[in-house]
Amino acid sequence: PPRIGDDRLDDDHREFVELATRLLEATGDAVMGAFDELHAHVREHFAFEDALMAPHDFASKECHLDEHA
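Rules used throughout
- Residues numbered from 1 in each chain as written.
- Predicted model: local features only at pLDDT ≥ 70, side-chain atom pairs only at ≥ 80, totals over all residues.
- Heavy atoms only, no water.
- Phe/Tyr/Trp six-rings, centres within 6.5 Å; stacked < 30°, edge-to-face > 60°.
- Lys NZ or Arg CZ within 6 Å of the ring centre and 35° of its normal.
- Axes fitted to C-alpha atoms, helices over the stretch in contact; angles between N-to-C directions.
- Helix = DSSP H or I, 4+ residues; strand = E, 2+ residues; numbered from the N terminus.
- Parallel < 35°, antiparallel > 145°, perpendicular 65-115°, else oblique.
- Left-handed = near helix turned anticlockwise from the far one by under 90°.
- Contact = heavy atoms within 4.5 Å.
- Nonpolar A, V, L, I, M, F, W, Y, C, P; charged D, E, K, R; others polar.
- Expected span 1.5 Å × (residues − 1).
- Buried < 20%, exposed > 50% of the residue type's maximum accessible area, 1.4 Å probe, protein only.
- Salt bridge = Lys/Arg side-chain N within 4 Å of Asp/Glu carboxyl O.

Asker: Sorry, what's going on with the packing of aromatic side chains here?
Answerer: In this description, an aromatic ring pair is defined by two values, namely the gap between the centres and the angle between the planes. Throughout the structure, instances matching the rule amount to 0 aromatic pairs. Sitting over the face of the ring of F48, R8 holds its NZ or CZ atom 4.2 Å from the ring centroid.

Asker: Quick question: what am I supposed to make of the packing of helix α1 (residues 7-25) against helix α2 (residues 30-53) here?
Answerer: Where α1 contacts α2, the two axes come as close as 9 Å, and the packing angle between them is 160°. Classed by the angle they form, the pair α1 and α2 counts as roughly antiparallel. Along this stretch, α1 crosses α2, giving a crossing that reads as left-handed. From α1, R8, L9, D12, H13, E15, F16, L19, A20, R22 and L23 reach across to α2, where they touch V31, A34, F35, E37, L38, H41, V42, E44, H45, F48, E49 and L52. Tallied by class, residues from the contact of α1 with α2 come to 12 nonpolar, 3 polar and 7 charged.

Asker: Explain α2 to me, please; I cannot follow it from the model alone.
Answerer: Working note: α-helix, 3.6 residues per turn, so residues spaced by three or four point in the same direction. With 24 residues, α2 ought to run about 34 Å at 1.5 Å a step, and its terminal C-alpha atoms sit 35 Å apart, in line with that. Along α2, the residues classified as buried are A34, L38, H41, V42, H45, E49 and M53. Buried residues along α2 sit against α1 and α3 (61-68).

Asker: Sorry, what's going on with the pattern of salt bridges here?
Answerer: Note on pairing: side chains with opposite charge can pair once their charged atoms come close. Going through the model one piece at a time under the given rule, you end up with 6 salt bridges. One salt bridge connects D7 with R3, and the closest N-O pair in it is separated by 3.3 Å. You can call D7 exposed: its relative accessible area is 53%. For the salt bridge of D11 with R14, the shortest nitrogen-to-oxygen distance reads 2.4 Å. With D11 and R14 both in helix α1 and 3 residues apart, this pair spans about one turn of that helix. For D11, a relative accessible area of 42% translates into the label partly exposed. With relative accessibility at 33%, the residue R14 sits in the partly exposed group. The network of salt bridges with shared partners includes R3, D7 and D10.

Below, the structure is given as structure tokens:
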């Protein structure tokens, strides 16, 4: 994924791609476990991003918050 310059967010985005790939490659009983991992990561990441944007005048904040929701 493209880097945005914040190590925590860049690491989270990289982990998202890894978890999404793991889900795409999962078969049988591993699918639900891979989905659960990705789902937990996404929820945590969106909450973190939402908290980062809250105190700042990020131009696309409302749109990005809607995308998260």
